[in-house]
Amino acid sequence: MHAAARPATTGPSGVALTGAPTGLAALAARADHVIGTAVEWVAAAIVLVEIAILAAGVTARYLFHTPLVWSDELASILFLWLSMLGAVVALRRGEHMRMTGLVSRVSPGARAFLEALALTASIVFLLLIFHHALDYAQEEGFIVTPALEISNAWRAAAIPTGIALMLAAALARFVRLHARGPALAAILVAAGLVALFWWAGPMLKPLGKLNLVIFFVGVVATNVFAGVPIAFSFALATFGYLALTTSTPLLVMVGRLDEGMSHLILLAVPLFVFLGLLIEMTGMAAAMIRFLASLLGHVRGGLSYVLIGAMYLVSGISGSKIADMAAIAPVLFPEMKARGAKPGDLVALLSATGAQTETIPPSIVLITIGSVTGVSIAALFTGGMLPAVVLGLALCAVVWRRYRHEDLSHVVRVPAPEILKLALVALPAIALPFVIRAAVVEGVATATEVSTIGIAYSVVMGLVVYRRFDWRRIGPMLIETASLTGAIIFIVGCATAMAWGLTQSGFSQDLGRIMAALPGGAWGFLAVSIVAFVILGSVLEGIPAIVLFGPLLFPIARQVGVHEVHYAMVVILAMGIGLFAPPFGVGYYGACAISKVNPDEGLRHIGGYMLALILGLLVVAAVPWLSTGFLKF
């Protein structure tokens, strides 16, 4: 239904909001706008300050040989604030990761109920955890930071502040829900479930490890499939498990949230996301694509090969797959459609290249694995290059087969002088991935700091070489960076808390014994891991799956004789295939949104590409040298 004066608008995650709010809804809308805008710009400012701090640290250490002892500590404090404020921005914008495969397929009435229930579930968790977060911040006030010598409460206060702001944003959205009946039903269902679990608490404690199935399988799966954001699904299950079946103070859960969000290496996430947006805005990505198109545009299926190659190159600059696809699709797809390519095949290939390039540094997933497992980031950056080439060649084989009869009679071959000119224009952009990798591997900068080198390089190239730098886009780009950072890091925090709960229950030891006893030794372990991470990637997305199971499985991999870098490449590629494969893979729907193609059109074409990716993954799993051959042992 629509309001008389103005149609209903859509809030986060497709929730219908009132079109012309009045009374309480109008007050909530105004408050949400004022507070939300302030939070967005504060978060954007923190991104800028973080870039400046890390750039100053690199400059002071590498050029002047006088390290800034306080820079990492200040960056860590600000990063927690950025993560929590970014989570607020993501909640307002509906950008927290969630699985909508079921929600999008039900009737409009059921969808309205599930959307309201997802929002209600988030509110329930925020209400339950808020006072524990306040207690945690007060406890941290007794700790003094070593470099800046200030109370750690300045850092820890970010958690209750962010929770309070998320709660305000969620309540404002709930008040503005258009469908009042489903909203009321969602409140009743949520309240009933909370009361039921609270009443059943004394009966749950004697069940022992069966509670792991109830909470970490039953509660998580129910929430995820109902469309509750994955971070809140993890958090609700962990809170319920700890509160109802253990005597653990819930202050500890807040501490595990803090621990998960406070790895300094994760600061690379917002900086590489911003770098990805920057190369698109400055025209560097377009320059690379035009050069590749001039080389291969006259070959049958040539622009599809260009798409595969461009994703490989651009992924070496940005850590965000969505940013990579958004930089490439608008440049290539119009010409590919003009040549007769089917939109469904284009989106299928774009989605497949998203999975193919997951291991290319500076992939956010690589950085996350290094953060939660302790594997060397430099080793992961080195090991990720060849596996992506193998999967890229597998995709090229499918392209060759599908386009071997393409009519190119109307295509004019680009003359050699023009190719040379395009190569010179693209050279600064093509050089950037190699600059980033060399800086990390050679020790000039850490994986976190190197992004500032890339940002400075891109700004100079945009202003001086490409003469394309839209200052008006910087603000929205910084806000987008903060939002994506908040969505990712909040998931990492909630998954860390859940993983800690599983570990304390003895699950990790049980899992270790089961996996170590699998028939086939290392090969059996790799086969089970591939199947498990394809499924986890499609249901939980990549980063939650890695944070949750990485710390549990990597020690087992070492125990059965699988090199940790080789194992990282196998599970990342398996997770990527699940993430970008329909019907559940969220990455596939992201590719469809960027391409403006109906998801149903891609379903008819994606099977061949996914089969090629699986065959390529099996080759990577069977030949460890592809992942470890260039490591410095």
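Note that the coordinates shown come from a computational prediction; the quantities given were computed from them, not determined experimentally. (Residues numbered from 1 in each chain as written. Predicted model: local features only at pLDDT ≥ 70, side-chain atom pairs only at ≥ 80, totals over all residues. Heavy atoms only, no water.)

Trainee: Could you give an account of the overall build of the protein, with specific residues and numbers?
Mentor: A tally of helices and strands in the protein yields 28 helices and 2 strands. At 24 Å, the protein has a C-alpha radius of gyration in line with the 26 Å of a compact globule built from 633 residues. When each of the 633 residues of the protein is scored for burial, the buried share is 57%. Contacts in the protein between residues far apart in sequence, at least 24 positions, make up 80% of those at least 6 positions apart. Of the roughly 24900 Å² of accessible surface on the protein, a fraction of 70% belongs to carbon and sulfur atoms. Computed over 36 positive and 30 negative side-chain charges, the inter-centroid distance for the protein is 9 Å. (Helix = DSSP H or I, 4+ residues; strand = E, 2+ residues; numbered from the N terminus. Rg over C-alpha atoms; globule rule 2.2 N^0.38 Å. Buried < 20%, exposed > 50% of the residue type's maximum accessible area, 1.4 Å probe, protein only. Contact = heavy atoms within 4.5 Å. Areas by Shrake-Rupley, 256 points an atom, 1.4 Å probe, with all protein chains shown as cover. Lys, Arg positive; Asp, Glu negative; His and termini not counted. Charge placed at Lys NZ, Arg CZ, Asp CG, Glu CD.)

Trainee: So what's going on with helix α24 (residues 564–580)? Which residues, and what values?
Mentor: Its 17 residues give α24 an end-to-end C-alpha distance of 24 Å, which sits within 8% of 24 Å, the value for a rise of 1.5 Å per residue. Among the 17 residues in α24, 16 count as buried, and that is most of the element. (Expected span 1.5 Å × (residues − 1).)

Trainee: Describe in detail the pattern of salt bridges, supporting the description with residues and values.
Mentor: A complete count under the given rule lists 13 salt bridges for this structure. A salt bridge links Asp32 to Arg176; the nearest nitrogen and oxygen atoms lie 3.8 Å apart. Of the two residues, Asp32 is situated in helix α1 (residues 24–62) and Arg176 in the loop between α5 (158–175) and α6 (180–204); the sequence distance between them amounts to 144 residues. Residue Asp32 shares its accessibility class with Arg176, and that shared class is buried. Put simply, Glu95 and Arg93 hold a salt bridge, and the shortest N to O gap is 3.2 Å. (Salt bridge = Lys/Arg side-chain N within 4 Å of Asp/Glu carboxyl O.)

Trainee: Tell me what's going on with the nonpolar core, and back it up with residues and numbers.
Mentor: Counting residues in hydrophobic clusters, the biggest one holds 218 residues, and the most contacted among them are Phe125, Met166, Leu332, Phe490, Phe533, Tyr567 and Tyr609. For this core, the leading source of residues is helix α20 (residues 474–504), giving 16 residues. If sequence neighbours within four positions are ignored, Met166 has contacts with Met84, Ala87, Val88, Leu91, Leu126, Phe232 and Phe490. (Core = buried A, V, L, I, M, F, W, Y, C linked by side-chain atoms within 4.5 Å.)

Trainee: Let's hear about helix α10 (residues 268–281): which residues, and what values?
Mentor: Between its first and last C-alpha, α10 extends 20 Å over 14 residues, near the 20 Å set by a 1.5 Å rise per residue. Of all the 14 residues making up α10, 13 are buried; the element is thus mostly covered by neighbouring parts of the structure. Taken from the residues just after α10, Gly283 is the one with a positive phi, measuring 90°.

Trainee: Give a description of the environment of Leu91 that names residues and reports values.
Mentor: When you line up the elements, Leu91 lands in helix α2 (residues 71–93). In this structure Leu91 comes out as buried when scored by relative accessible area, which is 9%. Residues Leu91 and Leu119, 28 residues apart in the sequence, show an inter-C-alpha distance of 9.5 Å.

Trainee: Let's hear about the side chain of His132: which residues, and what values?
Mentor: When you line up the elements, His132 lands in helix α3 (residues 108–140). On the basis of relative accessible area, His132 is assigned to the buried category, the value being 15%. Among residues more than four places away in sequence, those in contact with His132 are Phe239, Leu250, Leu251 and Val254.

Trainee: Give me the lowdown on the packing of aromatic side chains, citing residues and values where you can.
Mentor: Applying the stated criterion to the full structure yields 9 aromatic pairs. Seen from their ring centres, Phe215 and Tyr241 are 6.2 Å apart, and the 70° between their planes marks the pair as edge-to-face. Taken together, the residues Phe215 in helix α7 (residues 210–225) and Tyr241 in helix α8 (residues 230–245) connect sequence positions 26 residues apart. With a relative accessible area of 2%, Phe215 lands in the buried category. Judged by its relative accessible area of 8%, Tyr241 is buried. A network of ring pairs unites the aromatic residues Phe197, Phe215, Phe216 and Tyr241 as a single cluster. Lying across the ring of Tyr609, Arg402 places its NZ or CZ 4.4 Å from the centre. (Phe/Tyr/Trp six-rings, centres within 6.5 Å; stacked < 30°, edge-to-face > 60°. Lys NZ or Arg CZ within 6 Å of the ring centre and 35° of its normal.)

Trainee: Before we move on, can you summarise the confidence of the model for the protein with the specific residues and values?
Mentor: For the protein, per-residue confidence averages 86 on the pLDDT scale, and 95% of positions sit at 70 or higher. Overall, residues 1–16 carries pLDDT values under 50, and its contacts beyond four positions in sequence, including any with other chains, amount to 36 contacts. (pLDDT = per-residue confidence, 0-100.)

Trainee: Tell me about the environment of Leu68, and please be specific about residues and values.
Mentor: With respect to the secondary-structure elements, Leu68 resides in the loop between α1 and α2. Spatially, the C-alpha atoms of Leu68 and Val58 are 8.9 Å apart, while their sequence positions differ by 10 residues. For Leu68, the residues in contact, after removing those within four places along its chain, are Ala56, Gly57 and Ala60.

Trainee: Lay out unusual backbone geometry in plain terms, naming residues and giving numbers.
Mentor: Even without a glycine there, the phi angle at Glu149 is positive, about 55°. With respect to the secondary-structure elements, Glu149 resides in the loop between α3 and α4 (153–156). Judged by relative accessible area, Glu149 falls into the exposed class, the value being 61%. Positioned with a positive phi, Arg467 is a non-glycine residue whose angle comes to about 50°.

Trainee: Hey, could you go over the side chain of Thr282 for me, with residue numbers and the actual values?
Mentor: Mapped onto the secondary structure, Thr282 falls in the loop between α10 and α11 (284–296). Thr282 gets classed as buried once you look at its relative accessible area, which sits at 0%. Among the polar contacts made by the side chain of Thr282, one reaches the main-chain carbonyl oxygen of Ile279 at a distance of 3.4 Å. Beyond its immediate chain neighbours, meaning those up to four positions away, Thr282 contacts Ser458, Gly462, Tyr466, Arg468 and Phe469. (Polar contact = N/O pair within 3.5 Å; in protein donor to acceptor, adjacent residues only side chain to side chain.)

Trainee: Could you give me a rundown of the environment of Ile606, with the residues and numbers involved?
Mentor: Relative to the assigned elements, Ile606 resides in helix α27 (residues 606–622). Sequence-wise, Ile606 and Asp345 are 261 residues apart; in three dimensions their C-alpha atoms are separated by 7.1 Å. Ignoring anything within four residues of it in the chain, the contact list for Ile606 reads Ala348, Ser351, Phe580, Pro582 and Tyr588.

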